[in-house]
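# Coordinate analysis (summary)
Spelled out, the chains give:
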Amino acid sequence: EDQVTQSPEALRLQEGESSSLNCSYTVSGLRGLFWYRQDPGKGPEFLFTLYSAGEEKEKERLKATLTKKESFLHITAPKPEDSATYLCAVGGFKTSYDKVIFGPGTSLSVIP
Amino acid sequence: DSGVTQTPKHLITATGQRVTLRCSPRSGDLSVYWYQQSLDQGLQFLIQYYNGEERAKGNILERFSAQQFPDLHSELNLSSLELGDSALYFCASSRGGITDTQYFGPGTRLTVL
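Quick summary incoming for the structure in this document. (Residues numbered from 1 in each chain as written. Chains lettered and ligands numbered in written order. Predicted model: local features only at pLDDT ≥ 70, side-chain atom pairs only at ≥ 80, totals over all residues. Heavy atoms only, no water.)

### Brief notes about the interface of chain B and chain A
Heads up, the rule is: Should any heavy atoms of two residues lie within 4.5 Å, those residues are considered in contact. Defined here as a combined quantity, buried area equals the accessible surface (1.4 Å probe) lost by two parts on assembly, summed across both. Salt bridges are defined as contacts in which a side-chain nitrogen from Lys or Arg sits within 4 Å of a carboxyl oxygen from Asp or Glu. Any pair of nitrogen or oxygen atoms within 3.5 Å is treated as a polar contact; in protein, a donor-acceptor pairing is required on top of that, and neighbouring residues in sequence qualify only through side-chain atoms on both sides. Helix and strand assignments come from DSSP, with helices taken as H or I runs of at least 4 residues and strands as E runs of at least 2, each series counted from the N terminus. Under the scheme applied here, ten amino acids are nonpolar (Ala, Val, Leu, Ile, Met, Phe, Trp, Tyr, Cys and Pro), four are charged (Asp, Glu, Lys and Arg), and all others, including Gly, are polar.
At the interface, 20 residues of chain B touch 19 residues of chain A. Buried area between chain B and chain A, both sides added, is near 1500 Å², and the carbon and sulfur share of it is 61%. Three residues, Leu43(B), Ile98(B) and Thr99(B), lead the burial of chain B against chain A; their summed loss comes to 37% of the area buried on that side. Where chain B touches chain A, the interface holds 0 salt bridges. Counting every contact that joins chain B to chain A gives 3 residue pairs in polar contact (both at pLDDT 80 or more). Listed by contribution, the elements that provide at least two residues to the side of chain B that touches chain A are strand E4 (31-38), strand E5 (42-50), strand E6 (53-57) and strand E9 (87-94) of chain B. Class assignment for the residues of the side of chain B that touches chain A results in 9 nonpolar, 7 polar and 4 charged.

### Points about the pairing of E6(B)
As a reminder of what qualifies: What makes two strands pair is DSSP finding at least two bridges between them.
Examined bridge by bridge, E5(B) and E6(B) share 4 bridges and lie antiparallel to one another. Bridge pairing links Ile47(B) to Lys57(B) in E6(B).

### Some details on the environment of Asp82(A)
Residues and elements named next belong to chain A. Position of Asp82 among the secondary structure elements: in the loop between strand E8 (70-75) and strand E9 (84-93). On a C-alpha basis, the gap between Asp82 and Val110 in space is 6.8 Å, while along the polypeptide they are 28 residues apart. The contact partners of Asp82, leaving out residues within four places of it in the chain, are Arg37, Arg61, Leu108 and Val110.

### Notes on the sheet that holds strand E7 (residues 64-68) of chain B
Residues and elements named next belong to chain B. The line we're drawing: Note on geometry: axes are lines fitted to C-alpha atoms, helical ones only across the stretch in contact, with angles between N-to-C directions running from 0 to 180 degrees.
The strand order across the open sheet built from 4 strands is E1-E3-E8-E7, with neighbouring strands paired in antiparallel fashion. One side of each edge strand has no neighbouring strand; the edge strands of this open sheet are strand E1 (5-7) and E7. Each neighbouring strand pair of the sheet contributes to a mean axis angle of 15°, computed without reference to strand direction. Across 5 bridges, strand E3 (residues 19-24) lies against strand E8 (residues 74-78) in antiparallel orientation. Across the sheet, Leu21 pairs through a bridge with Leu76, a residue of E8.

Below, the structure written as structure tokens:
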């Protein structure tokens, strides 16, 4: 079954305490993996797209990496404004060329 | 501001009723996607349109339907509403297909009483 899981479900960090969020997927023939940030009651905000294993992308305190079965979102020295739910999604795969599946998200809280 | 607009922001209606949600994509974007987000289900892909044609279907119920018009705006029609249809409905748009960045609108919060 095509599936996306994320761990942990929730993460509480002290300001400046680096950590990583995990996104695992079981789809085959992946065309793209996406990371989004979502604040409560708002639409997801795009962060990164990764297309192939070994690819890495960075933006400010965030760095996303991709392997054949999972992706990591590394957060370096987080600040309280990084508190949000982080969603990963996979798009386009063997069983459905144009579908998107979102993971359940990781809720991140950064404490000052 | 993503450039994607959705109306209305809030909608309160009764079971059995029918509602229409509207989405205007970013200028230049040809694809429109509809998603449902509820507390227990997360973000669920419903349907995608590309330049007026249906491109992909996700977990969309038969009571729901969508279309994309020649000016590229899209409407999501929800009928015979049930309590469980209460959720946030998001529209997103992208330049082309599934590997292009999707930009999400602010959402429509639907409450079915």
